[in-house]
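As a plain string of letters, each chain reads:
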Amino acid sequence: MSQSPERYGSPAIALHWLTAALVIVVGTLGLLHDSWSKSTQAFWINIHALIGLLLWVLVMVRLWWRRREPPPALPAGIDPLTRRLAGPVHALLYGLLLVIPVIGIVTFVFHGRVFDFGLFQVDFGIKRNRAIFHPTEDIHGYLAYALFTLAGIHLLAALWHQFVRHDGFLRRMWPAR
Ligand code: HEM
Ligand code: HEM
């Protein structure tokens with residue numbers, strides 16, 4: 001679409017910022033799990049799970065679109081560190097965004113919880129099993145912290161390019177021209 005040699009196309013940009021916004025919403029809800037009262041906790045964990053599932057679907061759409069419209073090549077003058085790290089860091093971000101929700105689903109259903117989509121419910125009929133949901137909940141949490149850390153480094157790298165190197169790198173993913 002509006003993909004050019006210098007910047008991502010508008011579908012990729014829209015999906016990037018939607019993904020970033022949803023990571024903040026889902027992550028914040030995740031961190032708040034223990035703050036909810038007993039009577040509202042199940043409601044909020046369900047909201048966390050549904051937005052997390054939406055995020056997973058969006059990442060799949062993004063990866064499908066990425067195959068149709070590969071990212072623009074990095075500018076010739078880009079520093080060697082960015083050239084070496086951008087690919088692996090983005091791959092790791094995608095990996096975490098795909099794996100965290102899957103472990104979240106395991107934690108959710110083995111906690112005996114039921115997905116409530118409003119109009120219908122999805123009940124796997126699995127009994128609460130502490131031996132499974134306890135370790136998976138920990139793994140889900142640790143991977144989420146790894147995602148926050150990596151996304152934070154990614155944000156700092158974008159700001160470094162913008163305000164220290166002044167190389168216009170952020171424009172590649174910025175919505176406005
Ligand atoms: C949770 C938050 C975020 C996540 C999960 C995330 C994830 C990603 C991923 C996976 C890519 C690779 C896109 C692709 O090639 O398919 C990317 C690219 C990019 N992101 Fe983010 N991002 C986040 C937040 C941000 C923020 C806050 C900024 C800037 C302020 C930013 C700036 C960029 C830029 C400039 C690129 C393009 C890099 C390039 O040209 O190779 N991102 N992001
Ligand atoms: C990328 C998406 C997601 C992120 C960033 C995320 C993040 C988090 C975080 C930070 C926690 C708290 C961990 C702790 O207290 O140490 C958490 C807990 C949890 N998440 Fe997620 N999550 C995501 C997706 C999902 C999905 C899709 C599901 C289910 C379908 C899910 C189910 C759960 C459950 C069941 C808990 C434990 C709640 C409890 O009983 O205390 N998460 N998540």
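The present account deals with the structure reproduced in this document. Everything numeric in this text was worked out from a predicted model, so none of it was measured. (Residues numbered from 1 in each chain as written. Chains lettered and ligands numbered in written order. Predicted model: local features only at pLDDT ≥ 70, side-chain atom pairs only at ≥ 80, totals over all residues. Heavy atoms only, no water.)

1. With respect to the overall build of the protein
For the protein, the helix and strand inventory stands at four helices and two strands. From first element to last, N terminus to C terminus, the protein shows the α and β order α-α-α-β-β-α. Residues counted as buried form 34% of the 177 residues belonging to the protein. Of the accessible surface of the protein, which amounts to about 11100 Å², a share of 70% is contributed by carbon and sulfur atoms. With 16 positive and 9 negative side-chain charges, the protein shows a separation of 6 Å between the mean positions of the two kinds. (Helix = DSSP H or I, 4+ residues; strand = E, 2+ residues; numbered from the N terminus. Buried < 20%, exposed > 50% of the residue type's maximum accessible area, 1.4 Å probe, protein only. Areas by Shrake-Rupley, 256 points an atom, 1.4 Å probe, with all protein chains shown as cover. Lys, Arg positive; Asp, Glu negative; His and termini not counted. Charge placed at Lys NZ, Arg CZ, Asp CG, Glu CD.)

2. Some points on the pattern of salt bridges
By the definition in use, this model includes two salt bridges. As a salt-bridge pair, Arg165 and Asp79 come within 3.7 Å of each other at their nearest N and O atoms. Of the two residues, Arg165 is situated in helix H4 (residues 130-165) and Asp79 in the loop between helix H2 (38-68) and helix H3 (80-109); the sequence distance between them amounts to 86 residues. Classification of Arg165 as partly exposed rests on a relative accessible area of 39%. Among the ionic contacts, a cluster of salt bridges with common partners joins Asp79, Arg165 and Asp167. (Salt bridge = Lys/Arg side-chain N within 4 Å of Asp/Glu carboxyl O.)

3. Some points on the coordination of the iron atom of ligand 2
For the iron atom of ligand 2, the protein coordination sphere consists of His48 (NE2) and His140 (NE2), at 2.0 Å. Metal-centred angles of 88 to 179° between the six donor atoms at the iron atom of ligand 2 mark the site as octahedral. You can see His48 sitting in helix H2 and its partner His140 sitting in helix H4, a full 92 residues away along the chain. Just as His48 is buried, His140 falls in that class too. (Donors = N, O, S within 2.8 Å, 3.2 Å for Na, K, Ca; no water. Tetrahedral: all angles 85-135°; square planar, octahedral: opposite > 155°, others 65-115°.)

4. Things to note about the site of ligand 2
Taken together, 24 residues form the shell around ligand 2, and within it Gly30, His33, His48, His140 and Tyr145 come nearest. One of the side-chain nitrogen or oxygen atoms of Arg113 is found 3.4 Å away from an oxygen atom of ligand 2. Contact between ligand 2 and Tyr145: an oxygen atom at 3.1 Å from a side-chain N or O atom of the residue. Judged by the proximity of its atoms to the pocket grid, ligand 2 belongs to the second largest pocket. When contributions to the shell around ligand 2 are tallied by element, the ones reaching two or more residues are helix H1 (10-31), H2, H3 and H4. Among the residues forming the shell around ligand 2, the class breakdown is 13 nonpolar, nine polar and two charged. (Near = heavy atom within 4 Å. Polar contact = N/O pair within 3.5 Å; in protein donor to acceptor, adjacent residues only side chain to side chain. 1 Å grid on protein atoms, 1.4 Å probe; cavity = no way out; pocket = protein on both sides within 12 Å on 5 of 7 lines; lining within 4 Å. Sits in = over half its atoms within 2 Å of the grid points. Nonpolar A, V, L, I, M, F, W, Y, C, P; charged D, E, K, R; others polar.)

5. Re the packing of aromatic side chains
In total, this model carries nine aromatic pairs according to the counting rule given. Here the aromatic rings of Phe115 and Phe117 are separated by 6.3 Å at their centres, their planes lie at 35°, and the arrangement is tilted. An angle of 75° between the planes, with centres 6.2 Å apart, marks the rings of Phe115 and Phe124 as edge-to-face. One aromatic cluster is present, built from ring pairs that chain together Phe108, Phe115, Phe117, Phe120 and Phe124. (Phe/Tyr/Trp six-rings, centres within 6.5 Å; stacked < 30°, edge-to-face > 60°.)

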